[in-house]
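So the chains spell out like this:
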Amino acid sequence: MDTAQGIISNAQVQELIDIVRKVHGFDFSGYTKASLKRRLTRIMLLNKFEFYDLKHVLINDSDFFQGFLEEITVNVTEMFRDPSFYKAVNAQVVPYLSTYQHVKIWSAGCSTGEEVYSMAILLNEAGLGKKSFIYGTDINTEVLREARKGIYSLRNIKSYAENYQYTGLKGSITDHFTILYDAASIHNELKQNTLFSVHNLISDTVFNEFQMISCRNVFIYFETFLQERILDLFYKSLCPLGYLCLGSKETIRSDSFKSKFKVINQKENIYQKVGT
Amino acid sequence: MGPDKKLLERWHDAQIVLFGGSAGSFKILFRIIKDLPEKLGKTVILIIHRKKNFFSEIEKLFSENSRMYMREIEDKDILKTNTMYIAPANYHTLIEDGGYFSLDVSEPVWYSKPSIDVTFESAAEVYGNKCAAILLSGANQDGAGGMLKLRESGALTIAQEPADAEMPEMPRSAINLGAADYILTQDEIFKLLLS
């Protein structure tokens, strides 16, 4: 089990953060330490590494890093996680989106794409499928490869059936997939309006203008100062009156951003950009 | 017979109190949240296994009935005295060095999210001997490893007497692992909490 903690000290965590930044150019210094430590401990246990082994491969084995990146970031995701959120988007955001000729949405930290396709299904059901485009970004190229495929295990897809039902969307989740043996492949019409690309929220900047940005359960891994920097990026990436969706336990805490984002749904943490 | 003097002292010294509960713990937890005084002078954290429900029934029921101010944990909430926190469903709850919570959606531990182990371990790292942990009824082994970490870091650790628990597996696992300072029945637990 990955329950062990405390194998490495705080100073050692800091040492690894420095190595990763210097050697690989990824800055984890704004990540919350308890979670980071847990992930690092897990990587050490999985590979049967001592601290020095991990340090060694991080410096000398460039192939190791991609897998490390995949393990250090949490890539657990679901389709229609928090069904009440999708319900709220349908009721409170979709009417706004439908006023646009073209709808651009950014799913930041999209991992293996489940949220992007959930949103694609929702928009398609709302009749906006043809005119909307969803960008999914992540720092991790491996998960993006999976996202692009849009193929999931049938067992996983079936486990989201209950979520789907609670969103109030018609039919069942498998209606949106082509099933072949134990694989479920998202319908092409849903996939064609998506683009998956590498983007690092910590070091990359604005790349387009969006009517809606969804960044859910990403901020939980970031310290508040880093959250604020990324809120600024989101603010600049949204068109006037554009919507920002955070995870259901993630709130905007900073006073300066509270005045820039109006709360649309307190429980689901849906915000609207105000001012310019 | 009341709780012994040493136990009482350690309980009174504890600043953070953690409760872990799973199957069969609802009744005792409900009584705990009803009975704990508004000004306990401690921070209380509840980690309860439950299906990721979409309607937050336990949270609602508990907050309507607790005397202490109760709050479902949100990301980066600061730990405050005289507040009862409940770990949200479908997240792990961690405690950070600066005295605030952080959440995590990573893989379940012992098929559970929230996992009691995850929060207990993290409390042990940050608060060590300032903690008291009470592990209640449950049908799996979650919490045992975390409670051992707490005990090793000087925290007061209590397992519910398995014979007295609806589901004995969880407290029994902790006892077998040598994680429990004390093994108490429900009545003894209440005497301690209200002492």
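What counts and how
- Residues numbered from 1 in each chain as written.
- Chains lettered and ligands numbered in written order.
- Predicted model: local features only at pLDDT ≥ 70, side-chain atom pairs only at ≥ 80, totals over all residues.
- Helix = DSSP H or I, 4+ residues; strand = E, 2+ residues; numbered from the N terminus.
- Rg over C-alpha atoms; globule rule 2.2 N^0.38 Å.
- Buried ≥ 20, exposed ≤ 12 C-beta atoms within 10 Å, placed from the backbone.
- Contact = placed C-beta atoms within 7 Å.
- Expected span 1.5 Å × (residues − 1).
- Pairing = 2+ DSSP bridges.
- Axes fitted to C-alpha atoms, helices over the stretch in contact; angles between N-to-C directions.
- Nonpolar A, V, L, I, M, F, W, Y, C, P; charged D, E, K, R; others polar.
- Right-handed = clockwise from strand over helix to strand, strands pointing away.
- Domains from an automatic or database assignment.
- Parallel < 35°, antiparallel > 145°, perpendicular 65-115°, else oblique.
- Left-handed = near helix turned anticlockwise from the far one by under 90°.
- pLDDT = per-residue confidence, 0-100.

Enquirer: Even after reading the chapter, I still don't get the overall build of chain B, so can you show me in this structure?
Expert: Along chain B, the regular secondary structure elements total seven helices and nine strands. The C-alpha radius of gyration computed for chain B amounts to 15 Å, which stays within 12% of the reference 16 Å derived for 195 residues, consistent with globular compactness. With respect to the three principal axes, the spread of C-alpha positions in chain B is 45 × 35 × 30 Å. The buried share among the 195 residues of chain B stands at 51%. Put simply, of all contacts in chain B between residues at least 6 apart along the chain, 70% involve residues at least 24 apart.

Enquirer: Even after reading the chapter, I still don't get helix 11 (residues 224-237) of chain A, so can you show me in this structure?
Expert: Along an α-helix, residues three or four apart share an orientation, since each turn contains 3.6 residues. Residues and elements named next belong to chain A. For helix 11, with 14 residues, the first-to-last C-alpha span of 20 Å sits near the 20 Å given by 1.5 Å per residue. Gln 227, Leu 231, Leu 233, Phe 234, Tyr 235 and Ser 237 are the residues of helix 11 that are buried. As for helix 11, its buried residues are in contact with strand 1 (103-108), strand 7 (210-215), strand 8 (238-246), helix 12 (255-258) and strand 10 (270-273).

Enquirer: Explain the sheet that holds strand 4 (residues 177-180) of chain A to me, please; I cannot follow it from the model alone.
Expert: Residue and element names in this part refer to chain A. If you trace the three strands from one edge of the open sheet to the other, you get 3-5-4, paired in antiparallel fashion. The open sheet has two free edges, formed respectively by strand 3 (151-153) and strand 4, since each of these has just one partner strand. Strand-to-strand, the axes of this sheet are offset by a mean angle of 30°, without reference to chain direction. Here three bridges tie strand 3 to strand 5 (residues 183-186), and the two strands are oriented antiparallel to one another.

Enquirer: What's the story with the interface of chain A and chain B in this structure? I'm lost.
Expert: For interface size, the figure often reported is the accessible area lost on association. Contact residues are listed per partner, giving 22 residues for chain A and 22 residues for chain B. Of all the secondary structure elements, the ones that give two or more residues to the side of chain A that touches chain B are helix 2 (33-47) and helix 5 (83-97) of chain A. Tallying contributions element by element places helix 2 of chain A first for the side of chain A that touches chain B, with three residues. A breakdown of the residues in the side of chain A that touches chain B according to their chemical character gives eight nonpolar, nine polar and five charged.

Enquirer: Please clarify how the pairing of strand 8 (residues 156-160) of chain B should be interpreted in this entry.
Expert: Looking along a regular strand, one sees side chains alternate from face to face of the sheet. All names here are of chain B. In terms of burial, strand 8 is largely enclosed, as five of its five residues are buried. Residue alternation in strand 8 divides its side chains into two sets, Leu 156, Ile 158 and Gln 160 and Thr 157 and Ala 159, and both sets are buried. Here four bridges tie strand 7 (residues 131-135) to strand 8, and the two strands are oriented parallel to one another. By the bridge assignment for strand 8, Ile 134 is matched with Ile 158. The β-α-β motif built from strand 7, the intervening helix 5 (residues 144-152) and the parallel element strand 8 has right-handed crossover chirality. With three bridges connecting them, strand 8 and strand 9 (residues 182-184) associate as parallel partners. Directly across from Ile 158, in strand 9, lies its bridge partner Tyr 182. Handedness of the β-α-β unit built from strand 8, helix 6 (residues 169-176) and strand 9 comes out right-handed.

Enquirer: Before we go on, may I ask you to explain the domain arrangement of chain A in this structure?
Expert: Residue and element names in this part refer to chain A. Each assigned domain of chain A is listed with its residue range as follows: domain 1 (10-72) and domain 2 (83-273). The C-alpha centroid of domain 2 is placed 28 Å from the C-alpha centroid of domain 1. Listed per partner, the contact involves eight residues of domain 1 and eleven residues of domain 2. Of the residues forming the side of domain 1 that touches domain 2, the biggest block, three residues, is contributed by helix 4 (residues 62-72). Partitioning the side of domain 1 that touches domain 2 into residue classes produces two nonpolar, four polar and two charged.

Enquirer: Got a minute to help me understand the packing of helix 2 of chain A against helix 4 of chain A in this structure?
Expert: Two quantities define a packed helix pair, namely the angle between the helix axes and the distance between the axes. Residues and elements named next belong to chain A. In the contact formed by helix 2 and helix 4, the axes pass within 9 Å of each other and the chain directions differ by 130°. On the basis of their axis angle, the class for helix 2 and helix 4 is oblique. Two packed elements cross with a definite hand, and for helix 2 against helix 4 that hand is right-handed. Here helix 2 contributes Arg 39, Arg 42 and Ile 43 to the contact with helix 4, which in turn contributes Phe 68, Glu 71 and Ile 72. Within the contact of helix 2 with helix 4, the residues separate by chemical class into three nonpolar, no polar and three charged.

Enquirer: Would you explain the confidence of the model for chain A in this entry?
Expert: Low pLDDT means the predicted coordinates in that region are not meant to be read closely. The predicted model of chain A has a mean per-residue pLDDT of 94, with 97% of residues at 70 or higher. The model gives residues 1-6 of chain A a pLDDT under 50, and that stretch makes 17 contacts with residues more than four places away or in other chains.

Enquirer: How do you make sense of the environment of Leu226(A) when you look at a structure like this?
Expert: Residues and elements named next belong to chain A. Position of Leu 226 relative to the elements: it lies in helix 11. Under the C-beta neighbour-count criterion, Leu 226 is labelled partly exposed, with 18 such atoms within 10 Å. Between the C-alpha atom of Leu 226 and that of Ser 29, which follows or precedes it by 197 residues, the distance is 9.2 Å. Ignoring any residue separated from it by four or fewer positions in sequence, one finds Leu 226 in contact with Gly 30 and Ile 202.

Enquirer: When you look at the packing of helix 4 (residues 116-127) of chain B against helix 5 of chain B in this model, what are you seeing that I'm missing?
Expert: Residues and elements named next belong to chain B. Contact geometry of helix 4 with helix 5 gives a least axis separation of 7 Å together with a crossing angle of 10°. Taken together, the axes of helix 4 and helix 5 are roughly parallel relative to one another. Facing Ile 116, Asp 117, Phe 120, Glu 121, Ala 123 and Ala 124 of helix 4, the residues of helix 5 in contact are Gly 145, Gly 146, Met 147, Lys 149 and Leu 150. Across the contact of helix 4 with helix 5, the residue classes tally to six nonpolar, two polar and three charged.

Enquirer: What exactly am I supposed to notice about unusual backbone geometry here?
Expert: Apart from glycine, the bulk of residues carry a negative phi angle, and the bulk of peptide bonds sit in the trans form. In this model, Lys113(B) is joined to Pro114(B) through a cis peptide bond whose omega is 15°. As for its placement among the helices and strands, Pro114(B) is situated in the loop between strand 6 (101-104) and helix 4. Positive phi, normally seen in glycine, also occurs at Phe80(A), with a value near 55°. Mapped onto the fold, Phe80(A) is located in the loop between helix 4 and helix 5. With phi around 50°, Trp110(B) is a residue other than glycine that occupies positive phi space. Along the chain, Trp110(B) turns up in the loop between strand 6 and helix 4.

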